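# Geometric and topological summary
These are the residues of each chain, in order.
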Amino acid sequence: MKATSDVVVVGAGPYGLSAAAHLNACGVNVRVFGETMAFWDRNMPEGMCLRSPWEASQLSDPARSLTIDAFQTATGVRVSRPIPIRRFVDYGRWFQSRAVPNVEQRKVVEIEKSTAGFRVVLADGEAVRCGRVIIAGGIGAFAVRPPQFAGIPRDLVSHSSEQRDLTGFRGKRVVVIGGGQSALESAALLHESQADVELLVRENTVQWTWQRPWLHTFRPVGAALYAWPDVGPAFISHAVARPNLYRLLPRWLQDSWRAKSVRPNGVGWLKPRLRDVTISTGLAVLSASARGNQVELKLSDGSHELVDHVLMATGYRVDVRKYEFLSASMVSALRLIGGLPALGRGFESSVPGLHFLGAPAVWSYGPLMRFVARSLSKSVVRARRGIVGRPVANALQRPQSVAVSRGQEGQ
Ligand SMILES: Cc1cc2nc3c(=O)[nH]c(=O)nc-3n(C[C@H](O)[C@H](O)[C@H](O)COP(=O)(O)OP(=O)(O)OC[C@H]3O[C@@H](n4cnc5c(N)ncnc54)[C@H](O)[C@@H]3O)c2cc1C
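Conventions and cut-offs
Sequence positions are assigned chain by chain, starting from 1 and proceeding in written order. Two thresholds apply to this predicted model, a pLDDT of at least 70 for residue-level local features and 80 or more for giving and counting side-chain atom pairs, whereas whole-chain, interface and lining totals are computed over all residues. With hydrogens and water excluded, all non-hydrogen atoms of the structure serve as input to the side-chain values. Should DSSP find at least two bridges between two strands, the strands are regarded as paired. Only DSSP runs of H or I covering at least 4 residues are called helices, and only runs of E covering at least 2 are called strands; the numbering of each starts at the N terminus. Axis definition: a line fitted to C-alpha atoms, over the contacting stretch in the case of helices. Angles run 0 to 180 degrees between N-to-C directions. We count a salt bridge whenever a side-chain nitrogen from Lys or Arg sits within 4 Å of a carboxyl oxygen from Asp or Glu. The cut-offs for exposure are 20% and 50% of the maximum accessible area for each residue type, with area from a 1.4 Å probe on protein chains only; residues under the lower value are buried, those over the upper are exposed, and the others partly exposed. What we call a nonpolar core is a set of buried Ala, Val, Leu, Ile, Met, Phe, Trp, Tyr and Cys residues that are connected through their side-chain atoms within 4.5 Å. Any two residues whose heavy atoms approach within 4.5 Å at even a single point are treated as in contact. Here a pair means two rings of Phe, Tyr or Trp (six-membered ring of Trp) with centres within 6.5 Å. Their orientation is stacked below 30 degrees between planes, edge-to-face above 60, and tilted elsewhere. Distance and angle both matter: a charge sits over a ring if NZ of Lys or CZ of Arg is within 6 Å of the ring centre and within 35 degrees of the ring normal. Nitrogen and oxygen atoms within 3.5 Å of one another constitute a polar contact, given that in protein one can donate a hydrogen and the other can accept it, and given that sequence-neighbouring residues count only through two side-chain atoms. By definition in this entry, angles of less than 35 degrees are roughly parallel, angles greater than 145 are roughly antiparallel, angles of 65 to 115 are roughly perpendicular, and the rest are oblique. All residues other than Ala, Val, Leu, Ile, Met, Phe, Trp, Tyr, Cys, Pro, Asp, Glu, Lys and Arg, Gly among them, are scored as polar; the first ten of these are nonpolar and the last four charged.

With parallel pairing, the 5 strands of this open sheet are ordered in space as 7-16-8-9-12. For this open sheet the edge positions go to strand 7 (157-159) and strand 12 (278-281), each flanked by a neighbour on one side alone. Looking at each pair of strands side by side, their axes are set apart by 20° on average, direction ignored. Here strand 7 runs beside strand 16 (residues 309-312); their pairing, made up of 3 bridges, is parallel. Directly across from serine 158, in strand 16, lies its bridge partner leucine 311.

Okay, structure coming up:
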């Protein structure tokens, strides 16, 4: 293996694979590290479905040929709608085998700046020197664990990202905390696995999207209200779908629309599956403590509950300082706004040559970046031969590829 490279991509999820697909197609000398679709495979519950629309769930390759439709044709596997997670993982792996066969399923433990670029150190000790690094490390490092549950063993309290198989809770009393898609879908899956489940939602109501699907799909009404990635409220969705324009809006407007676009909600098709689930709104957990094999919860209405398990579907708060592979000197050189890097053209951070894709790009490129939608354009990575020294990811133009859609705050 060469110990030098023009570009290193960290991550083999939808963003890393899409970026690498573009770089490979341009003949750039790129090394890609990460486990293919690992977060989707291991950290989301079996039985889950993507809420992102079909169009917005495609990965990005320059020829636009590696679509889900092409996957179906090539493999004979039928993908239903909404897209089951298992099929999405299969699709991602199929995409990788065709567009990014050079993925190395290895872990990056440190990235530091060197005189001529970067030094990327792998868990097995190999160090790779490169001119640019594209970080597409996903949101796994950012899981929010409310402090009320600190110190309670994981077999009693877990984050939703730690539960791949919810069938093990059959017959158990489980409280799910949260009001977003992940909480709602986890509650539905637990209920369908014969667990005795209660959903505790801090807000006074559960918010739903896609209650009237025709408003999203019936042309020309749907197209006027919602842009194709369908991220964000009506009309705002059009600005969100154009990250290169979005980033030029006044900051107050960007922040306001971002908040509106990622607030916790559930997609309408989940509603019937929750008909027989107890949903308690306007309730928060004040404190929690282990009581033998159970957890005692003290709630904000003064009541107490004893349950077998608490599932924290409390989402993710992006803070790139939590990426363990970023050296301290690198972190201190980054311009951060509450843990989010300020990115310029081509997703380049304040450290020249260091780029961030996916959720960490949300402050600069808007809420679309929080989703796996087809948010990267054909020039997501407009790389050319001899690119080193110039921005690798030249810019998002008209969104064309990568990523789906779902508010991660509430996932
Ligand atoms: C329950 C849930 C449901 C979701 N549903 C949707 C949906 O329907 N639609 C949608 O658009 N989005 C959805 N999302 C959001 C989605 O997870 C992210 O948008 C998406 O995963 C981002 O892709 P990514 O490529 O940035 O990261 P990921 O898919 O998380 O991939 C991260 C990659 O980085 C690699 N990596 C991490 N650390 C290292 C390291 N140290 N060294 C090497 N490699 C490393 C991993 O191995 C992996 O390959 C959902 C999220 C959750 C939690």
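Applying the stated criterion across every chain yields a total of 25 salt bridges. Across the pair glutamate 112 and arginine 119 runs a salt bridge, and its minimum N-O distance is 2.8 Å. A relative accessible area of 23% places glutamate 112 in the partly exposed class. Note that aspartate 319 is salt-bridged to arginine 321, the shortest N-O span being 2.9 Å. When salt bridges that share partners are traced, they join Arg31, Glu104, Arg106, Asp124 and Glu126 into one network.

As a further point, take the sheet that holds strand 15 (residues 304-307). An order of 13-14-15 is seen for the 3 strands of this open sheet, with the pairing classed as antiparallel. The two strands at the open ends of the sheet, each matched to only one other strand, are strand 13 (285-291) and strand 15. Going across the sheet, the axis of each strand differs from the next one's by a mean of 20°, ignoring polarity. Relative to strand 15, strand 14 (residues 294-299) runs antiparallel, the two sharing 4 bridges. What sits directly across from leucine 297, in strand 15, is glutamate 305.

With that out of the way, let us pick up unusual backbone geometry. The peptide bond linking arginine 81 to proline 82 adopts the cis configuration, its omega dihedral lying at -5°. Assignment of secondary structure puts proline 82 in the loop between helix 3 (68-75) and helix 4 (85-99). In this model, methionine 37 sits at a positive phi of 55°, which is unusual for a non-glycine residue. Here methionine 37 lies in the loop between strand 2 (30-33) and helix 2 (38-42). One non-glycine residue, glutamine 194, lies in positive phi territory at about 65°. Relative to the assigned elements, glutamine 194 resides in the loop between helix 5 (181-192) and strand 9 (196-201).

A few words on the nonpolar core. One finds Ile111 and Leu326 to be the most contacted residues of the largest nonpolar core, which totals 83 residues. The greatest single-element share of this core, amounting to 7 residues, is contributed by helix 4. Each residue touching isoleucine 111, except ones within four places of it in the same chain, is listed here: Val10, Phe118, Arg119, Val120, Val133, Ile135, Phe325, Leu326, Ser327 and Met330. Judged by nonpolar contacts, the second largest core, of 21 residues, contains Ala187, Leu190, Val201 and Val206.

By the definition in use, this model includes 10 aromatic pairs. Between phenylalanine 347 and tyrosine 365 the ring centres are 4.3 Å apart and the planes differ by 25°, which places this aromatic pair in the stacked class. With phenylalanine 347 in the loop between strand 18 (340-341) and strand 19 (354-356) and tyrosine 365 in helix 12 (residues 362-365), this pair connects stretches of sequence that are 18 residues apart. The pair phenylalanine 347 / tyrosine 365 is uniform in exposure class, with both members buried. Taken together, Trp40, Phe71, Phe88, Tyr91, Trp94 and Phe95 form an aromatic cluster joined through their ring pairs. Directly above the aromatic system of tryptophan 54 lies the positively charged group of arginine 81, at a separation of 3.9 Å from the ring centroid.

By secondary structure assignment, the location of asparagine 265 is in the loop between helix 10 (251-261) and strand 11 (266-267). Residue classification places asparagine 265 among the buried positions, given a relative accessible area of 12%. A distance of 2.8 Å separates a polar atom in the side chain of asparagine 265 from a polar atom in the side chain of arginine 51. The residues touching asparagine 265, leaving out its near neighbours within four places in the chain, are Arg51, Gly179, Gly180, Gln181, Leu184, Gln207, Trp208 and Thr209.

Across the interface, helix 3 lies against helix 4 with an axial gap of 10 Å and an inter-helix angle of 85°. Considering the angle they form, helix 3 stands roughly perpendicular to helix 4. Along the contact surface, helix 3 presents Ile68, Ala70, Phe71, Ala74 and Thr75, while helix 4 presents Arg87, Asp90, Tyr91 and Trp94. When the residues that make up the contact of helix 3 with helix 4 are grouped by side-chain class, the tally is 6 nonpolar, 1 polar and 2 charged.

Within the secondary structure, glutamine 294 is located in strand 14. Classification of glutamine 294 as partly exposed rests on a relative accessible area of 26%. Between the alpha carbons of glutamine 294 and histidine 309 there is a distance of 6.8 Å; along the sequence they are 15 residues apart. Those residues within four positions of glutamine 294 in sequence are excluded, and the remaining contacts are Leu156, Ser289, Leu306, Val307 and Asp308. At 3.1 Å, the side chain of glutamine 294 and the side chain of aspartate 308 are in polar contact.

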